[in-house]
Amino acid sequence: MAKIVLEQVDKVYAGGVKAVDGLDLEIRDGEFMVLVGPSGCGKSTALRMIAGLEEISDGKISIGERVVNDLAPKDRDIAMVFQNYALYPHMTVEQNLAFGLKLRGVSKEDRAAKVREAAKMLGLEQYLSRKPAALSGGQRQRVAMGRAIVREPQAFLMDEPLSNLDAKLRVSMRASLSQLHERLKVTTVYVTHDQVEAMTLGDRVCVLREGKLQQVDTPQRLFDNP
Ligand code: ADP
Ligand code: ADP
């Protein structure tokens, strides 16, 4: 678990679009921070810069005690969850959950224990031997989250993870995400264009507009002073 600090972060894409403009933001240890705003306001770009998937044009990003500007994504100790699940189709749920741990050289016993724990937390215990094709959309998204959890990263970064799900499933997944955060208290940055999602999930919500920070506050105070 670690705080994430952005200081005067800019992103100018080739062609001159300034997607993020002088962003200052501190995400506290264990906080669930939602980045919200209309399409094109720079949410994904900001998240991708924290992840290291996009180079920053100017400024500084740190995760925990480390400045990560020049660190590759794999060296940042973060886990990402996207809207397209990107599960390995030829592997079972259990193998999907364990794969990242295997790459890191975690022993078979420890892998099994961590996979069991994550599966239990996410209600996936009875699906461990299935392949992704035999899962519903919500179950697949739970597996994607499970893969993030088992690695025990310092931070979770999520980009519209529920946007491919139908409305009913989104509501139940929101509840699962809240419970999961309550349990794990991992620092989380969550991108959405959905205001209801932002208000129900966020400890705090950061509103972006045209690449700039417009407001950052608790959902209650944003609701009282829109
Ligand atoms: P959001 O996630 O809020 O929808 P993005 O971060 O995706 O916004 O995009 C912010 C701005 O940057 C938009 O104007 C978008 O068109 C532009 N943009 C995003 N990705 C690229 C890219 N790879 N190259 C050029 N412009 C981009
Ligand atoms: P959703 O409407 O949430 O996308 P689905 O209609 O895909 O859900 O699946 C409904 C239920 O059927 C889920 O519990 C899922 O695990 C199960 N299921 C879906 N496809 C298969 C399959 N090929 N084999 C076994 N069970 C399946």
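Analysis parameters
- Residues numbered from 1 in each chain as written.
- Chains lettered and ligands numbered in written order.
- Predicted model: local features only at pLDDT ≥ 70, side-chain atom pairs only at ≥ 80, totals over all residues.
- Heavy atoms only, no water.
- Near = heavy atom within 4 Å.
- Polar contact = N/O pair within 3.5 Å; in protein donor to acceptor, adjacent residues only side chain to side chain.
- Helix = DSSP H or I, 4+ residues; strand = E, 2+ residues; numbered from the N terminus.
- Nonpolar A, V, L, I, M, F, W, Y, C, P; charged D, E, K, R; others polar.
- Expected span 1.5 Å × (residues − 1).
- Buried < 20%, exposed > 50% of the residue type's maximum accessible area, 1.4 Å probe, protein only.
- Arc of directions from axis to C-beta.
- Pairing = 2+ DSSP bridges.
- Salt bridge = Lys/Arg side-chain N within 4 Å of Asp/Glu carboxyl O.
- Axes fitted to C-alpha atoms, helices over the stretch in contact; angles between N-to-C directions.
- Contact = heavy atoms within 4.5 Å.

**A short note on the site of ligand 1**
Inspection of the region around ligand 1 gives Tyr13, Val17, Ala19, Pro38, Ser39, Gly40, Cys41, Gly42, Lys43, Ser44 and Thr45 as its neighbouring residues. Contact distances for ligand 1 include 3.4 Å between a nitrogen atom and a side-chain N or O atom of tyrosine 13. Contact between ligand 1 and threonine 45: an oxygen atom at 2.5 Å from a side-chain N or O atom of the residue. Among the elements that take part in the shell around ligand 1, helix H1 (residues 43–51) stands out by supplying three residues, more than any other. The residue makeup of the shell around ligand 1, split by class, is five nonpolar, five polar and one charged.

**Here we look at helix H3 (residues 108–122)**
Between its first and last C-alpha atoms H3 spans 21 Å; for 15 residues at 1.5 Å apiece the expected length is 21 Å, and the two agree. Buried within H3 are the following residues: Arg111, Val115, Ala118, Ala119, Met121 and Leu122. The arc enclosing the buried residues of H3, seen along the axis, measures out at 160 degrees, which places them on a common side. Looking at H3, the residues exposed on the side facing more than 90 degrees away from the buried face are Glu109, Arg116 and Lys120. The positive-phi residue at the C-terminal boundary of H3 is glycine 123, with phi of around 65 degrees.

**Considering the pairing of strand S6 (residues 78–81)**
Going residue by residue along S6, you find Ile78 and Met80 tucked away on one face and Ala79 and Val81 tucked away on the opposite face as well. With four bridges joining them, S6 and strand S7 (residues 155–159) adopt parallel strand pairing. Note that in S7 the partner of isoleucine 78 across the bridge is alanine 155.

**Observations concerning the pattern of salt bridges**
Going through the model one piece at a time under the given rule, you end up with 13 salt bridges. For arginine 204, the salt bridge goes to glutamate 31, with nearest N and O atoms at 2.5 Å. Highlighted residues: arginine 204 in strand S9 (residues 204–209) and glutamate 31 in the loop between strand S2 (18–27) and strand S3 (32–36), separated in sequence by 173 residues. On the accessibility criterion, glutamate 31 (5% relative accessible area) is buried. Of the charged contacts in the structure, one is a salt bridge between glutamate 182 and lysine 185, with a shortest N-O distance of 3.7 Å. Classification of glutamate 182 as exposed rests on a relative accessible area of 53%. Taken together, the salt bridges that share partners define one network made up of Asp10, Lys18, Asp21 and Lys212.

**What to know about the site of ligand 2**
If you check the shell around ligand 2, you find Tyr127, Arg130, Ala134, Ser136, Gly137 and Gln139 and nothing else. One of the side-chain nitrogen or oxygen atoms of arginine 130 is found 2.8 Å away from an oxygen atom of ligand 2. Grouping the constituent residues of the shell around ligand 2 by class yields two nonpolar, three polar and one charged.

**Observations regarding the sheet that holds S9**
Strand order in this open sheet of six strands is S6-S7-S8-S3-S9-S10, and the pairing throughout is mixed. Among the strands making up the open sheet, the edge pair consists of S6 and strand S10 (212–217). Here the strands of the sheet are splayed against their neighbours by 20 degrees on average, with no regard to which way each runs. Across the sheet, helix H4 (residues 137–150) is in contact with S6 and S7; its angle to S6 comes to roughly 175 degrees.

**With respect to the environment of serine 57**
One can find serine 57 in the loop between H1 and strand S4 (58–63). Judged by relative accessible area, which is 38%, serine 57 ranks as partly exposed. Among all residues touching serine 57, those that are not within four sequence positions of it are Asp10, Lys11 and Val12. Of note is the side chain of serine 57, whose polar atom sits 2.8 Å from the backbone nitrogen of valine 12.

**As for H1**
Every α-helix carries 3.6 residues per turn, so stepping three or four residues along brings you back to the same face. Counting buried positions over the nine residues of H1 gives seven, a clear majority of the element. Every buried residue of H1 is accounted for by Lys43, Thr45, Ala46, Leu47, Met49, Ile50 and Ala51. Positive phi shows up at glycine 52, right after H1, with a value of about 90 degrees.

Honestly, it's all geometry; don't read function into it.
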